[in-house]
Amino acid sequence: MKWTVERMPPQSGRIAVVTGANSGLGLQTAIALAGAGAKVVMACRSPARAAAALDTLRERVPQADAELMTLDLSSLASVQAFADAYRQRHARLDLLINNAGILGAPFGRTVDGFENHLGTNHFGHFALTGRLIDCILATPGARIVTVGSLGHWRGKLDLDDLDYQRTPYVPFAGYANSKQANLLFVTELARRLAAKGSDVIAAAAHPGGADTTIKPRTDSFKQRFEDAVIAPIARRYLINTAAQGALPTLYVATMPGVQHNDYYGPDGFAGLRGYPAKARRRGNACDPALARRLWALSETLTGVAYLD
């Protein structure tokens, strides 16, 4: 049988933090978890967009137990402020869904000086997980789920050139490198949790091709052509809706049998669409030595060290 949210175990009594819950995969993940009974913390950068998303969630799940908290993953100060506020309100955290991300941004730096994709997609989530790790470790059966991407297959992360001093910068390549970093993070996080004998599961999922708003839009002829011609064909034959794209994340977050460092995605052609199944990843996205190097560098650059 194909897995859908109707087969998700009850989540009553559990607390979930979903980053980037204002739209797309994050919003669909939040809706599904709330519908299964979880208390959902929607961690979003824009208060206005977050408020609209909360209205949407409550329209879909009138009985939802959900709250908004501001989180800008491109700012380590915002990450710390979010974590401090969360710990004041809650003593436990059952599910941390590291979902938020950016794609296709021109070269630029976060307020902390990181390249935008890597700073937001990886360093932000690395620091957030570390700031919340005590709550997670204190919660029996907790899980940390990081959302990857098929784009990681294009990743060629150079830990000695994170600022692109030698490597020409291409927006999608920057995104691909950040998604490779996400999977390396999960690899080392899972190893460290297992080494401590923790029952916390760290795993990953990807949505395949999903109809979301993550990619920036322009008013160019190319964009209008894509909207008018390519997008309808892709939606019909090649990619998932946002709700279906969220299924692998929800599977990894809630189903029995998920193991450390598992990776799930759609089961259809090339992993583009379908229902949750074990997924493949490129070797440089699960290399243990590279994962350890990235972890050490992430601790140094973010100032957040954990699970030593």
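1. Concerning the environment of Y275
Point 1. Following the sequence through the fold, Y275 ends up in the loop between β7 (263-266) and β8 (276-278).
Point 2. Along the chain, Y275 and S198 lie 77 residues apart, while their C-alpha atoms are 29 Å from each other.
Point 3. Every residue in contact with Y275, bar those within four places of it in the chain, is listed here: K2, W3, T4, Q244, L247, G265, P266 and D267.

2. A closer look at the sheet that holds strand β5 (residues 143-147)
Point 1. The strand order across the open sheet formed by eight strands is β3-β2-β1-β4-β5-β6-β7-β8, and the pairing between neighbours is mixed. Looking at the sheet topology across the chains shown, the edges are occupied by β3 (65-70) and β8. This sheet shows a mean twist of 25° between the axes of neighbouring strands, independent of strand direction.
Point 2. Bridge analysis of strand β4 (residues 95-98) against β5 gives four bridges, and the strand direction is parallel.

3. Quick look at the pattern of salt bridges
Point 1. Counting across every chain of the model gives 14 salt bridges.
Point 2. Between D94 and R14 there is a salt bridge, with the nearest N and O atoms lying 3.8 Å from each other. A residue pair is termed long-range when its members are at least 10 positions apart, and D94 in the loop between α3 (76-89) and β4 and R14 in the segment before β1 (15-19) qualify at 80 residues. Neither residue differs from the other here; D94 and R14 are each classed as buried.
Point 3. Among the salt bridges present, the one from E188 reaches R192, with a minimum N-O distance of 2.8 Å. Here R192 and E188 lie together in helix α5 (residues 171-195), a separation of four residues that amounts to about one turn.
Point 4. Look at E188 and you get buried, because its relative accessible area is 1%.
Point 5. Within this structure, K39, D65, E67 and R89 form a network of salt bridges that share partners.

4. What about the packing of aromatic side chains?
Point 1. In the structure shown here, the tally under the stated rule is 13 aromatic pairs.
Point 2. Ring centres of F107 and Y164 lie 6.4 Å apart, and the angle between their planes is 75°; on these two criteria the pair is classed as edge-to-face. On the criterion of sequence distance, the pair formed by F107 in the loop between β4 and α4 (116-137) and Y164 in the loop between β5 and α5 is long-range, its members being 57 residues apart.
Point 3. Owing to a relative accessible area of 38%, F107 belongs among the partly exposed residues under this scheme.

5. Things to note about the packing of helix α1 (residues 24-35) against helix α8 (residues 247-254)
Point 1. Remark: α1 packs on α8, axes separated minimally by 9 Å, with the N-to-C direction vectors making an angle of 45°. By the angle between their axes, α1 is oblique relative to α8. The hand of the α1/α8 crossing is right-handed. Residues T29, A32 and L33 of α1 touch α8, and the partners they reach there are T249, L250 and T254.
Point 2. For the contact of α1 with α8, the class distribution of residues is three nonpolar, three polar and no charged.

6. A word on the confidence of the model for the protein
Point 1. For the protein, the mean per-residue pLDDT works out to 92, and 90% of the residues sit at or above 70.
Point 2. Low pLDDT, under 50, characterises residues 221-237; the stretch is placed with 16 contacts to residues that sit more than four places away or in other chains.

7. As for the nonpolar core
Point 1. Ranked by internal contacts, the top residues of the largest apolar core, which has 50 residues, are F82, Y86, L93, L132, L189 and Y306.
Point 2. With nine residues, the single largest contributor to this core is α4.
Point 3. Apart from the residues within four sequence positions on either side, Y86 is in contact with I15, V17, V41, M69, R92, L93, L132 and C135.
Point 4. Counting residues in each nonpolar core, the second largest holds 38 residues, with M8, A38, L54 and A205 among its members.

8. Considering the pairing of β5
Point 1. Counting buried residues along β5, five of its five residues qualify, which places the element largely inside the surrounding structure.
Point 2. Every second residue of β5 is oriented toward a common face, with R143, V145 and V147 on one face and I144 and T146 on the other, all of them buried.
Point 3. For the segment spanning β4, α4 and β5, crossover handedness is right-handed.
Point 4. Alignment of β5 against strand β6 (residues 201-205), held across five bridges, turns out to be parallel. Its bridge partner lying in β6, R143 is registered against I201.
Point 5. Crossover handedness for the path β5 to α5 to β6: right-handed.

9. Description of the environment of M255
Point 1. Residue position: M255 is located in the loop between α8 and β7.
Point 2. Ignoring sequence-local partners within four residues, the contact set of M255 consists of W3, R7, P9 and R143.

10. Topic: the side chain of T146
Point 1. In this fold, T146 is placed in strand β5.
Point 2. Using a relative accessible area of 2% as the deciding quantity, one classes T146 as buried.
Point 3. Reaching out from T146, the side chain makes a polar contact with the side chain of N98 at a distance of 3.4 Å.
Point 4. For T146, the contacting residues outside a window of four places in its chain are N98, N182, F185, V186, A203, A204 and A205.

The rules behind these values
- Residues numbered from 1 in each chain as written.
- Predicted model: local features only at pLDDT ≥ 70, side-chain atom pairs only at ≥ 80, totals over all residues.
- Heavy atoms only, no water.
- Helix = DSSP H or I, 4+ residues; strand = E, 2+ residues; numbered from the N terminus.
- Contact = heavy atoms within 4.5 Å.
- Pairing = 2+ DSSP bridges.
- Axes fitted to C-alpha atoms, helices over the stretch in contact; angles between N-to-C directions.
- Salt bridge = Lys/Arg side-chain N within 4 Å of Asp/Glu carboxyl O.
- Buried < 20%, exposed > 50% of the residue type's maximum accessible area, 1.4 Å probe, protein only.
- Phe/Tyr/Trp six-rings, centres within 6.5 Å; stacked < 30°, edge-to-face > 60°.
- Parallel < 35°, antiparallel > 145°, perpendicular 65-115°, else oblique.
- Left-handed = near helix turned anticlockwise from the far one by under 90°.
- Nonpolar A, V, L, I, M, F, W, Y, C, P; charged D, E, K, R; others polar.
- pLDDT = per-residue confidence, 0-100.
- Core = buried A, V, L, I, M, F, W, Y, C linked by side-chain atoms within 4.5 Å.
- Right-handed = clockwise from strand over helix to strand, strands pointing away.
- Polar contact = N/O pair within 3.5 Å; in protein donor to acceptor, adjacent residues only side chain to side chain.

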